[in-house]
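Secondary and tertiary structure notes
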Amino acid sequence: MSDQTWGCRRLGVRYGATVALEEVTFAVAPGTVAAVVGGDGAGKTSLLRALAGTVRPAAGTVRRPAERRLGYVSAGPGVWTDLTVDENLRFSGGAYGLDPGELERRVGGLLERTGLAGARDRLAGQLSGGMRQKLALAMAVAHEPDLLVLDEPTTGVDPVSRAELWRLLAASAAGGAAVVVATTYLDEAERAATVLVLDRGRSLLSGTPEEVVAATPGLVVEGTERPAGLPSWRRGARWRAWSPDGSTPPATGPVTLDLEDAVIVAQLREDRRWAA
Amino acid sequence: MWAMAMKEFRQMRRDRRTLAMMILLPVLLLVVFGYAASFDVDRVRTVVVGPRAEQVAAALPERLEVVRVAPGEGRAAAVEALRDAEAAVALVTGDGGQPQVLVDGADLFSARAVVTELRGRPGLPEPEVLFNPGLETSAIMVPGLMGVVLVFVGTIATALGVVRERQSGTLEQLAVMPFRPRDVLGGKLLPYLGVAVVDLAVIVTVGVLLFDVPFNGPPLVFALGALLFLFVTAGIGVLISTVSETQGQAIQLAIMTMLPQILLSGLIFPLQAMAPGVRWIGYLLPLTWFIQLARGVMVRGAPFEALLLPLTVLAVQGAVVFSASIARFRRDLAPSGRGHGADEAGAEQDEAAPTRAGTR
């Protein structure tokens, strides 16, 4: 970790006897977006909570800015549902010490950028899922943090709102913030500068999306029928399979790997390792 | 139907608090109604003053338990003893003739028992009831009900307010904001305390104007006692919130703390009529001391010095409960132990103890 990055080194998190994270090292540089991916129980939320400081590490070190320079959107609604959009933004900005003039200016700008200007007097509880997430993100960036931590901000959100949310968080990174976003959508993770793949609380893969894809051993093949004898998965109407020795089974052909394939292969390998 | 019953049984088995309440509540009610639910006061604390105090004290009926005999004191000291709740009855003897019998009308059930006992008894005149001459129930109940209202607002509203943050997931959001735990707690409590103060003012006004409840003592002492009591009840509310995941659980726990207070504080049943063990449980409850304070100030017109005991007990209870609630709340809100409000550019950490934050 350089002086310019935020993140953690050999981080361990435990809840009682349950190990949520073990030996996880992760870094995010200012002006970039880092994606944390993994299935349910992989440890994404624990990592983000440790980065945000709401969970105490059992081992390792965490490097984060002072809390006035940190923005966080939890996996929950992250907004006060019985306050209006405007009141939520003002409460959050006020909590981070923005003076009234600056608060007014930033609230106005955020309402415009998030498309929530028309809903500024609506209760947050009456917003759609996508609008609520945009409000939560706006609240987290109102004080222009150095580190922005977002726990699955796009889960359960429609595709248009997902794209808008990514536009907003990319804008924060462009403004100089280091952005960490947990997601279960690998097409989103491909847009990030770096990716960390977690599995059962451990780091499975990390690097740029290209590095993660390039590190995949063997060959991924595709066909209309499920190839026998190989670990396989569906992609649309077709079947893909991982050939560890690089051979091509009958009625299949090699495909260009993407991040989703690379993560699936990594998890298949990990499953085999655990089974052994 | 069997499948439904099995599902319900499994859910009930896992909902330990409801199960505990279902089992404990009947036991509690049994204890209360067995040992505490009595209006019959057998022993009434009595002081006897004046030149023939020794002689008169020796001849009193058994119900009058003499706690002090002071031949050198007069009527003023006797009234003071009643006002300061040292005794419920005072006999003022002279050089000859019948002694005066003074009864504390604020101690309603003792007063009624004594008036009944002594009325028409040879050698004793008609008792003189002080502070609440008409022995009105409302004069005694309204100050007590104020305490109940403060328990409602302090405990239930506070507990629900904090649990709502946890249940909706916003407590975690507050945890990352640059607030100190005491700022969050103070900010959350302030509006509820404001509502409680308004409630209190309304009840006092209605009690005085509508039910002719007297307000004889210093309002500032009453305000101080009410504030201390509010701190205790709000602290209990926060403690409840730190061990409750849902508003339903918080209400359950709040009821379990409120019920003993309402039944064992002397609000309904006189403490003197309770079995000693149950009475001592009553002495541990904050409402008991607020009621003594409220009745002391409003009905007896007792001064600050006479109310030092309830004020001190409430202050100690408030300090203990509130410190515990802040410690528990801090554990939930700032597990990383960061320097809240620090302006340093980066905080390298190497921490060792696990804890939890918000909901999981």
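Residues numbered from 1 in each chain as written. Chains lettered and ligands numbered in written order. Predicted model: local features only at pLDDT ≥ 70, side-chain atom pairs only at ≥ 80, totals over all residues.

Quick notes on the domain arrangement of chain B
All names here are of chain B. What counts here: Reported domain spans reflect what an automatic or database domain assignment gives. Throughout, a pair of residues is in contact if the C-beta atoms placed from their backbones lie within 7 Å. Helix and strand labels come from DSSP, where a helix needs a run of H or I of at least four residues and a strand needs a run of E of at least two; each type is numbered from the N terminus. Three classes are used, and their members are as follows: Ala, Val, Leu, Ile, Met, Phe, Trp, Tyr, Cys and Pro are nonpolar, Asp, Glu, Lys and Arg are charged, and the others, Gly among them, are polar.
When its domains are assigned, chain B resolves into domain 1 (44–130) and domain 2 (137–333). Taking only C-alpha atoms into account, the centre of domain 1 sits 35 Å from that of domain 2. Listed by partner, the interface residues are 7 residues for domain 1 and 13 residues for domain 2. The biggest single contributor to the side of domain 1 that touches domain 2 is helix H5 (residues 108–118), with 3 residues. Across the side of domain 1 that touches domain 2, the residue classes tally to 4 nonpolar, 1 polar and 2 charged.

Some points on the domain arrangement of chain A
All names here are of chain A. When cut into domains, chain A gives domain 1 (1–65 + 146–208), domain 2 (76–144) and domain 3 (210–275). Taking only C-alpha atoms into account, the centre of domain 1 sits 23 Å from that of domain 2. Residue-level contacts link 13 residues of domain 1 with 10 residues of domain 2. At the level of secondary structure, the elements contributing two or more residues to the side of domain 1 that touches domain 2 comprise strand E6 (147–151) and helix H5 (159–174). In terms of residue count, the dominant contributor to the side of domain 1 that touches domain 2 is H5 (6 residues).

Observations regarding the nonpolar core
Selection rule: Linking buried Ala, Val, Leu, Ile, Met, Phe, Trp, Tyr and Cys residues through C-beta atoms within 7 Å yields a set, and such a set is a nonpolar core. To assign burial, the other C-beta atoms lying within 10 Å of each residue's own C-beta are counted, with C-beta atoms placed from the backbone; 20 or more indicates buried, 12 or fewer indicates exposed, and intermediate counts indicate partly exposed.
Of all hydrophobic cores here, the largest spans 177 residues; its most connected members are Leu 135, Leu 137, Leu 169, Val 179 and Val 180 of chain A together with Val 89 and Ala 90 of chain B. Filtering out sequence-adjacent residues up to four positions away, Val 89 of chain B remains in contact with Val 44, Thr 46, Leu 64, Val 101, Leu 102, Val 103 and Val 114 of chain B.

Notes on helix H8 (residues 181–210) of chain B
All names here are of chain B. Threshold: A helix is expected to span 1.5 Å multiplied by its residue count minus one. At any given residue, the bend is defined as the angle formed between two axes, one fitted to the seven residues that end at that position and one fitted to the seven that begin there.
End to end, H8 covers 43 Å across 30 residues, agreeing with the expected 44 Å (1.5 Å per residue, within 8%). In H8, a bend of some 30 degrees at Leu 190 exceeds every other bend along the element, and Pro 191, a proline, comes one to four places later. Listed as buried for H8 are Val 184, Leu 185, Lys 188, Leu 189, Tyr 192, Ala 196, Leu 200, Val 204 and Gly 207. Among the residues trailing H8, Asp 212 stands out with phi positive, at a value near 55 degrees.

Brief notes about the sheet that holds strand E9 (residues 202–207) of chain A
All names here are of chain A. Note the threshold: What makes two strands pair is DSSP finding at least two bridges between them. Fitted lines through C-alpha atoms serve as axes, helices being fitted only where they are in contact, and the angles separating the N-to-C directions of these axes extend from 0 to 180 degrees.
What the 6 strands build is an open sheet, ordered E5-E6-E7-E3-E8-E9; its pairing is mixed. What marks the edges here is a single partner per strand, and that holds for strand E5 (70–73) and E9. Each neighbouring strand pair of the sheet contributes to a mean axis angle of 15 degrees, computed without reference to strand direction. The strands that helix H8 (residues 259–275) touches are strand E3 (33–37), strand E8 (194–199) and E9; relative to E8, the one it contacts most, it runs at about 30 degrees.

Focus on the environment of Val 157 of chain A
Residue and element names in this part refer to chain A. Along the chain, the position of Val 157 falls in the loop between E6 and H5. Look at Val 157 and you get buried, because 21 C-beta atoms sit within 10 Å. Sequence separation between Val 157 and Gln 133 is 24 residues, and the spatial gap between their C-alpha atoms is 8.2 Å. If we ignore the near neighbours within four places in the chain, the residues touching Val 157 are Gly 129, Gly 130, Gln 133, Arg 162 and Leu 165.

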